[in-house]
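Tertiary structure, described
Below, each chain spelled out in residue letters.
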Amino acid sequence: MEDRAGRIAAIIERFQGVEGATLPILHAVQEAFGYVPAESVPVIAAALNRSRAEIHGIVTFYHDFRDKPAGRHLVRVCRAEACKSMGSDQVVQSLEQALGIRLGETSPDGAVTLEPVYCLGLCATAPNAMVDGKPAGRLDGAKVASLVEGFAP
Amino acid sequence: MSARRIFVPGDAGALAVGADDVAAAIARAAAAAGVAVEIVRNGSRGLYWLEPLVEVETPTGRVAFGPVAAEDVPGLIAAGLLEGKGERLFLGPTAEIPFLKAQTRFTFARCGIVDPASLADYRAHGGGVGLMRAAALPPAEIVATVTASGLRGRGGAGFPTGIKWKTVLEAAGARKFIVANADEGDSGTFADRMLMEGDPFAVIEGMAIAGLAVGATRGYLYIRSEYPHAIARMEAAIATARAAGWLGADCAGSGRAFEIELRVGAGAYVCGEETALLESIEGERGEVRAKPPLPAHKGLFGAPTAVNNLVTLASVPFILAEGAEAYAAIGFGRSRGTMPIQLAGNIRHGGLFEAAFGVTLGELVEAIGGGTLTGRPVRAVQVGGPLGAYFPPSLFDTPFDYESFAARDGLIGHGGIVVFDDTVEMAAMARFAMEFCALESCGKCTPCRIGSTRGVELLDAMIAGREVAKNAALLEDLCDIMKFGSLCALGGFTPYPVMSALRHYPADFGLAPAASAEKEIATWA
């Protein structure tokens, strides 16, 4: 077992002297572990001279921060207006069917997480998704199928 | 013989339709043919229906091909693409493409043209002139120039930038800040993203000029986390600008200090609201602050702060370089200069169209945008993001400027236009507006926090056909409370899409069309 506490302490150390460091620290923790482990909250609180409740309130306010790791692949499909105008509701349905999970869920084998996102700024090539950090535009049934094919079980 | 320069955009919108594969295919094919090429990953020109748009530098200028797929590349190269020749997908000289030629590009003059990784290229295309001029001017003169240009906030509020800067300049404070708002969360908008990815030094130049103008020593650039490509591009550009002396203890030789720190959002739409954004930078929940005090008096960490939209800041270098008159010379009424309008959703020619204010909504959607991509009739367009009103084609004569849209119970917001064809269900769109507000409400004020959920319930009842007229009256009352009782634009403007949908498309809600509904709702606004 790696020394998680040590890694969390090292991340906090990196942001010494940064004003308003809460979000940069939380982003760094999530980048390191894939989520914000509950055990990091009191450590961050102590370092920033805040209460655990305050840090918990901040973590849960922002949609990005997870309390458990995402699947090995992450599909963020846009549900906002521009994508809706090009049939994103259908794309969401196709993804749910192809992956066998609902929006907001992770597949039981931990292979894929399917999440909604509200605008990726790719509104002239709608409907869109971000798949493992890569933008994918003009989605239709065929493109969804080929995306899903790429996910090893 | 030097390598031929080929341009394949690295813009996220181009990547979404396969630009990386196209760049790789060109590199492979050129190597196989033994031709030396330099592939520049430029920004997008903003002609997204033609992406990936491949450009080739020729002795007579750049020519374009598009939309190019990776599998097209061998054939195009065989037909002479590397020499700038071809037939299939060949668009001729890029600058002559009508969609581009019809634009007035001040703020996006370099976007898609320059190599965004190169400060030298930026300078070769006229970048930096504004900053050098500002570095030699007293702060009050920079502010006066921006005031004279008539520039207003491009985030949506339309507040005169010069007046905001003057307030910060004259405010007493041991330190002051610039905050660049690149939390571009409105669906249908992508101007900030395109600019950061395609011309990042313009953003830095604008922020530095703002810093010199108001006496700020530090600027925060707040980018939403949904924009990873823009974040990477800006991080690199800030480092380059620092190494070149544009940032640091002696900003561009001004003798004054200015530094930029990049901050990444965390998926909260409400952080695009200026006071929630300040809370977020300070490391708090993104909850809206009551105003006053204005951020210009008491903003980030309690210090006087100029919070400006990214496009506003990037418009400033032109004004300093070319003069306030050159900017103010075009426009419409009290809306001076240009607006980067973003055509999005179900539209044939989707992209960024920078033009002087005053072009009508109909021209934008039909003539410039080419109507819907699906080829079906346009039924509604939403202008100004998820908090903007829906306009039916009967209002297409509305000129694009702040006051004209306000006069028709709408707003231009950050300049996004989302087009819907006749398959759209407007009651569902109204419900989505309330659902989105409930999802993104910061929770600080009751009209927004509770009202949005009640709004979803009312619309669900109407969509199910339960007591439609009674619920429509309740919805109107609720929207009134949200509009006048909310702390910020999230709760305050969510009524715009809801009430405009109800007013213009009553039948979608199960209400009798025209007269009765029109009358019922006419008292609102």
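Predicted model only: the values in this text are computed from it and were never measured. (Residues numbered from 1 in each chain as written. Chains lettered and ligands numbered in written order. Predicted model: local features only at pLDDT ≥ 70, side-chain atom pairs only at ≥ 80, totals over all residues. Heavy atoms only, no water.)

**Some words on the overall build of chain B**
Along the backbone of chain B there are 22 helices and 16 strands. In terms of overall dimensions, chain B is globule-like: its C-alpha atoms have a radius of gyration of 24 Å, near the 24 Å expected for 525 residues. With the principal axes as the frame, chain B shows a C-alpha extent of 75 × 60 × 40 Å. A total of 525 residues make up chain B; the buried ones form 62% of that total. For chain B, restricting intrachain contacts to residue pairs at least 6 apart in sequence, the fraction spanning at least 24 positions comes to 70%. (Helix = DSSP H or I, 4+ residues; strand = E, 2+ residues; numbered from the N terminus. Rg over C-alpha atoms; globule rule 2.2 N^0.38 Å. Buried < 20%, exposed > 50% of the residue type's maximum accessible area, 1.4 Å probe, protein only. Contact = heavy atoms within 4.5 Å.)

**Side note on the overall build of chain A**
The number of helices and strands found in chain A is seven helices and four strands. Starting at the N terminus and walking to the C terminus, you meet the elements of chain A as α-α-α-α-β-α-α-β-β-β-α. The buried share among the 153 residues of chain A stands at 53%. Residue pairs at least 24 apart in sequence account for 56% of intrachain contacts in chain A once pairs closer than 6 positions are excluded. Here chain A displays about 7100 Å² of accessible surface, and carbon together with sulfur accounts for 51% of that area. (Areas by Shrake-Rupley, 256 points an atom, 1.4 Å probe, with all protein chains shown as cover.)

**Points about the confidence of the model for chain B**
Confidence along chain B averages 96 in pLDDT terms, with 98% of residues attaining 70 or more. Across residues 515-525 of chain B, confidence stays below pLDDT 50; counting only partners more than four residues off in sequence or on other chains, it has 21 contacts. (pLDDT = per-residue confidence, 0-100.)

**Comments concerning the sheet that holds strand β16 (residues 416-421) of chain B**
Across the sheet, five strands lie side by side as β13-β12-β16-β14-β15 (chain B); this open sheet has mixed pairing. The sheet is open, and its two borders are formed by β13 (351-356) and β15 (390-391) of chain B, each paired with just one other strand. (Pairing = 2+ DSSP bridges.)

**Topic: the interface of chain A and chain B**
As a measure of interface size, the accessible area lost when the parts come together is often cited. Contacts between the two partners involve 40 residues from chain A, matched on the other side by 61 residues from chain B. Interface of chain A and chain B: buried area, both sides summed, is about 3700 Å²; carbon and sulfur atoms make up 59% of it. Of all residues in chain A, the largest losses of buried area upon contact with chain B belong to E19, F61 and E81 of chain A, amounting jointly to 19% of the total for that side. Where chain A meets chain B, there are three salt bridges. (Buried area = accessible area lost by both parts, 1.4 Å probe. Salt bridge = Lys/Arg side-chain N within 4 Å of Asp/Glu carboxyl O.)

**Some remarks on the domain arrangement of chain A**
Entries for chain A in the domain assignment read domain 1 (4-61) and domain 2 (73-149). Between domain 1 of chain A and domain 2 of chain A, the C-alpha centre-to-centre distance is 30 Å. (Domains from an automatic or database assignment.)

**Points about empty space enclosed by the protein**
Tallying each qualifying case throughout the model produces two cavities of 30 Å³ or more. For the largest cavity, the calculated volume is near 70 Å³. Considering the residues around the largest cavity, the lining is formed by V270, V288, S441, C442, G443, K444, C445, C448, L487, C488, L490 and G491 of chain B. Here the lining of the largest cavity is composed, by residue class, of eight nonpolar, three polar and one charged. Around the second largest cavity, the lining residues are L120, L122, M130 and P135 of chain A together with A12, R193, E197, E226, Y227, P228 and H229 of chain B. Listing elements by their share of the lining of the second largest cavity, those giving two or more residues are α9 (191-198) and α11 (228-243) of chain B. When its residues are assigned to classes, the lining of the second largest cavity shows seven nonpolar, one polar and three charged. (1 Å grid on protein atoms, 1.4 Å probe; cavity = no way out; pocket = protein on both sides within 12 Å on 5 of 7 lines; lining within 4 Å. Points joined across faces, edges and corners; volume = space filled by probe spheres on them. Nonpolar A, V, L, I, M, F, W, Y, C, P; charged D, E, K, R; others polar.)

**Quick notes on the packing of helix α2 (residues 22-33) of chain A against helix α3 (residues 40-48) of chain A**
Residue and element names in this part refer to chain A. Contact geometry of α2 with α3 gives a least axis separation of 12 Å together with a crossing angle of 150 degrees. In terms of their interaxial angle, α2 and α3 are classed as roughly antiparallel. Crossing handedness for the pair α2 and α3: right-handed. In contact with T22, I25, L26 and V29 of α2, α3 contributes S40, I44 and L48. The residue makeup of the contact of α2 with α3, split by class, is five nonpolar, two polar and no charged. (Axes fitted to C-alpha atoms, helices over the stretch in contact; angles between N-to-C directions. Parallel < 35°, antiparallel > 145°, perpendicular 65-115°, else oblique. Left-handed = near helix turned anticlockwise from the far one by under 90°.)

**What to know about the pattern of salt bridges**
Within this structure, the stated rule accounts for 41 salt bridges over all chains. A salt bridge links D67 of chain A to K68 of chain A; the nearest nitrogen and oxygen atoms lie 3.9 Å apart. According to the relative accessible area criterion, D67 of chain A is exposed, its value standing at 64%. Note that R224 of chain B and E226 of chain B form a salt bridge whose closest N and O atoms lie 3.6 Å from each other.

**A few points about the domain arrangement of chain B**
Residues and elements named next belong to chain B. When the domains of chain B are assigned, the result is domain 1 (4-101), domain 2 (119-328), domain 3 (331-421) and domain 4 (426-522). On the domain 4 side, the residues contacting the ten residues of domain 2 number seven residues. Across the interface of domain 2 and domain 4, roughly 750 Å² is buried in total on both sides, 73% from carbon and sulfur atoms. When the buried surface of domain 2 facing domain 4 is broken down by residue, Y269, V270 and V288 rank first, second and third, together holding 61% of it. Across the domain 2-domain 4 interface, the total number found is zero salt bridges. For the pair domain 2 and domain 4, the interface holds two residue pairs in polar contact (both at pLDDT 80 or more). Considered class by class, the residues forming the side of domain 2 that touches domain 4 number five nonpolar, two polar and three charged. (Polar contact = N/O pair within 3.5 Å; in protein donor to acceptor, adjacent residues only side chain to side chain.)

**Digging into the sheet that holds strand β7 (residues 218-223) of chain B**
All names here are of chain B. Spatially, the four strands line up as an open sheet ordered β8-β7-β6-β9, and their pairing is parallel. Every interior strand has two partners, whereas the edge strands, β8 (259-264) and β9 (305-309), have only one. Ignoring which end each strand starts from, the neighbouring axes of this sheet average 20 degrees apart. Taken together, the six bridges between β7 and β8 define a ladder with parallel strand orientation. Residue pairing for β8: I223 is matched across the bridge by V264. Most of the contacts of helix α10 (residues 200-214) go to strand β6 (residues 177-182), to which it runs at about 150 degrees, and overall it touches β6, β7 and β8.

**Some remarks on the state of the cysteines**
Taken as a whole and assessed by the stated rule, the structure comprises zero disulfides over all chains. Of the cysteine sulfurs around C123 of chain A, a residue in no disulfide, the closest is that of C119 of chain A, at 3.6 Å. Note on C123 of chain A: relative accessible area 3%, which makes it buried. Distance from the sulfur of C442 of chain B, which forms no disulfide, to the nearest cysteine sulfur (C488 of chain B) is 6.4 Å. (Disulfide = S-S within 2.5 Å.)

**Overview of the pairing of strand β4 (residues 61-65) of chain B**
Residue and element names in this part refer to chain B. Among the five residues of β4, four are classified as buried, and the element is accordingly described as predominantly covered. Pairing analysis gives five bridges linking strand β3 (residues 54-58) to β4, with the strands arranged antiparallel. Bridge assignment links E57 to a residue of β4, and that residue is R62. Connecting the antiparallel pair β3 and β4 is a turn made up of two residues. Where β4 meets strand β5 (residues 90-93), three bridges bridge the pair, whose relative direction is antiparallel. Along β5, the bridge assignment pairs F65 with F90.

**Considering the side chain of T113 of chain A**
All names here are of chain A. Structurally, T113 is set in strand β2 (residues 112-117). Among the residues examined, T113 registers a relative accessible area of 3% and is labelled buried. Residues within four places of T113 in sequence aside, it is in contact with A70, G71, H73, L74, V75, E105 and T106.

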